[in-house]
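Letter by letter, the chains look like this.
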Amino acid sequence: MLSPQFRFDPYSPAVDADPFPFYKTLRDDFPCFFSVDAKMWVLSRYDDIVRALNDWQTYSSAKGNLMDELPNRAGATLGTTDPPRHDRLRGLIQHAFNKRNLDYIEAHIRDAAREAIAGFAGKRTFDFVEDFSSKVTVKVLFRLLGLPPGDDHLVRDKAVLMVQSDPVTRQKGSEHIAAFEWVKNYAEKVIAERRAHPGEDLISQFSLAEIDGDRLSDREVLLTTTTLIMAGIESLGGFMTMFALNLADHAQARRRCVDNPALLADAIEESLRFNTSAQRFRRCLAKDTELHGQVMRAGDFVCLAYGSGNRDERRFANPDVYDIDRKPKGHLGFGGGVHACLGTAIGRLASKLAFEELHKAVPDYARVEATLPWMPSTTFRSPLRLVLARQ
Amino acid sequence: MAKIVYVEHQGIEHVVDVPDGWTVMQGAVTNGVPGIEAECGGSCSCGTCHVYVEGEPAAGLAPPEDTENAMLDMVAAEVKPSSRLACQLKVTDTLDGLVVRMPASQG
């Protein structure tokens, strides 16, 4: 059943700015909706998304997982392969991201946060994106992946650009593809250097790794490394910015976190549910599938709207209320199933430590601009600038 | 569909109906049962969904494969003969009544 009135256009700036009313209509009236604008089906209810995430045999990632896929990337990265190869690839990388292996980076995260804070000391207003989340994210990711210092700001700018889409042409623009190529070339140089002089770092290990006696293909090593840089920088930076926005807009929650920093962990979980940056990912149907009276065909693409599942009143009571006491188990802020975010532990840790440091220096802050400049992206959602004023 | 009895380390029980085809790990995580972290989402590559399986259905489980055994070497809590990774246990009717005890720690 297609509605002549209702449209869901993930390229629209209105959806970038506030997708949640659209999601509610999708959940209530069109739970299995074909978007002519996105040329794919959209699943918006929590249960349907979880079922799809747990059924990779039907909802395959092998044709790409970004709403607008980057050229020649699908099939060569963790997010764009299916088990069993996915699981073997993930096994090579996962250990570097496990919580128990991250102790070494804690001091580094705090230092990165303090250094960023020192950069805007004495200023009444600051741009959280430019002055804080970008700087902290780049420092943490460079350390985690063992990337050489220098170029860090350029790498950050390109990583953020490559996930965007052009709202007018409804696809990746030349500047987005060029940014992707730039990060790919950068990764290629790092990989060549590591293969020549291998160390203990993740990229050295990964670039020399084998699965069942076969070394990974150059394309797998290159595109997986490129994706780790992209996902690490964009996702961590985007999430921290959304977290700052929530704490700026919900002063009581922020004050409780400032008084008792242990509550930051709960506030992070609620932010992952409430409006995390990873709003929508894509799968491709491996077989015909009927859902809510609609028949989706093998080969059709399907958008899994995590941001909508996280606001589904069938799963979460009063879903549009930001409540740090909620403890929302099973939220979709990191996706789910075998493709659940690789960086869950580092994302939680970096956000918690960065905000502990921020709150020591800047305990009270408020948003300056009522209307925010949202990033044009069909997959991710965060503001390009978030000016905060000390109170 | 099978009823899985999850038992937290402190003894708190959670009985969950888990659909066929899901894993014991998914049944816990999706329903908010504490004690399983599953950092890798079920790719058998993190060792943070370590559990002890008990009850009659446990006897019918296929033994762990090499990748599961390799990860069981890396789990945080004591490994016992009943140790399994919950992400590798696919639910079928025959698992109805499986008791899944959580270790003290996953990492």
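Residues numbered from 1 in each chain as written. Chains lettered and ligands numbered in written order. Predicted model: local features only at pLDDT ≥ 70, side-chain atom pairs only at ≥ 80, totals over all residues.

**Looking at the overall build of chain B**
Looking only at helices and strands, chain B has 3 helices and 5 strands in total. Reading the secondary structure of chain B in the N-to-C direction produces β-β-α-β-α-α-β-β. In terms of principal-axis extent, the alpha carbons of chain B reach across some 30 × 30 × 25 Å. Looking at chain B as a whole, 43% of its 107 residues are labelled buried. (Helix = DSSP H or I, 4+ residues; strand = E, 2+ residues; numbered from the N terminus. Buried ≥ 20, exposed ≤ 12 C-beta atoms within 10 Å, placed from the backbone.)

**Regarding the overall build of chain A**
A count of helices and strands for chain A gives 14 helices and 12 strands. Over its C-alpha trace chain A gives a radius of gyration of 20 Å, about what one expects of a compact globule, namely 21 Å for 391 residues. The dimensions of chain A, computed from C-alpha atoms along their principal axes, are 60 × 55 × 40 Å. Across chain A, the fraction of contacts at a sequence separation of at least 24, relative to all contacts at a separation of at least 6, is 71%. (Rg over C-alpha atoms; globule rule 2.2 N^0.38 Å. Contact = placed C-beta atoms within 7 Å.)

**Some words on the interface of chain B and chain A**
Counting from both sides, the interface comprises 16 residues of chain B and, opposite them, 19 residues of chain A. Of the residues belonging to the side of chain B that touches chain A, the class tally is 6 nonpolar, 9 polar and 1 charged. (Nonpolar A, V, L, I, M, F, W, Y, C, P; charged D, E, K, R; others polar.)

**Section: the sheet that holds strand β2 (residues 40–43) of chain A**
For sheets, the rule is that strands pair by backbone hydrogen bonds, running either parallel or antiparallel. All names here are of chain A. Strands sit in the order β1-β2-β10-β7-β3 across an open sheet of 5 strands; the sheet is mixed. For this open sheet the edge positions go to β1 (32–35) and β3 (59–60), each flanked by a neighbour on one side alone. With 4 bridges joining them, strand β7 (residues 281–285) and strand β10 (residues 301–304) adopt antiparallel strand pairing. Across the sheet, the residue bridging to Phe281 is Leu304, located in β10. Against the sheet, helix α3 (residues 46–53) engages β2, β3, β7 and β10, with an angle of about 120° to β10. (Pairing = 2+ DSSP bridges. Axes fitted to C-alpha atoms, helices over the stretch in contact; angles between N-to-C directions.)

**Focus: helix α2 (residues 20–29) of chain A**
Residue and element names in this part refer to chain A. Taken together, the buried positions of α2 are Phe22, Tyr23, Leu26 and Arg27. Seen along its axis, α2 keeps its buried residues to an arc of 135°; they face one direction. Residues of α2 that are exposed and angled more than 90 degrees away from the buried face: Pro21, Asp28 and Asp29. Tucked into the core, α2 has its buried residues touching α1 (13–17), β1, β2 and α13 (306–309). (Arc of directions from axis to C-beta.)

**What about the sheet that holds strand β11 (residues 365–367) of chain A?**
Residue and element names in this part refer to chain A. Ordered by their spatial adjacency, 3 strands build an open sheet running β4-β12-β11, and the pairing between neighbours is antiparallel. Every interior strand has two partners, whereas the edge strands, β4 (125–127) and β11, have only one. Averaged over all neighbouring strand pairs, the angle between strand axes comes to 30°, with direction disregarded. Docked against the sheet, helix α6 (residues 128–145) engages β4 and β12 (387–390), running at close to 55° with respect to β4. Docked against the sheet, helix α10 (residues 218–249) engages β11 and β12, running at close to 100° with respect to β11.

**Observations concerning unusual backbone geometry**
Most peptide bonds adopt trans geometry, and most residues besides glycine take a negative phi value. Here Pro83 of chain A and Pro84 of chain A are connected by a cis peptide whose omega angle stands at 0°. Position of Pro84 of chain A among the secondary structure elements: in the loop between β3 and α4 (85–93). With phi around 60°, Asn72 of chain A is a residue other than glycine that occupies positive phi space. Looking at the element boundaries, Asn72 of chain A is found in the loop between β3 and α4. A count of 11 C-beta atoms within 10 Å places Asn72 of chain A in the exposed class. Not every positive phi belongs to a glycine, and Ala38 of chain B is a case in point at roughly 55°. Note that Ala38 of chain B resides in the loop between α1 (24–30) and β3 (50–54). The exposure class of Ala38 of chain B is buried, given the 22 C-beta atoms found within 10 Å.

**What about the pairing of β2 of chain A?**
Residues and elements named next belong to chain A. Pairing of β1 with β2 involves 4 bridges; the strand directions are antiparallel. When the bridges of β2 are listed, Phe33 appears paired with Val42. Linking β1 to β2, which pair antiparallel, is a turn of 4 residues; within it Lys39 sits at a positive phi near 60°. Strand direction decides the pairing type here: β2 and β10, joined by 3 bridges, are parallel. Bridging across to β10, Val42 finds its partner in Cys303.

All we've got here are geometric facts, nothing functional implied.
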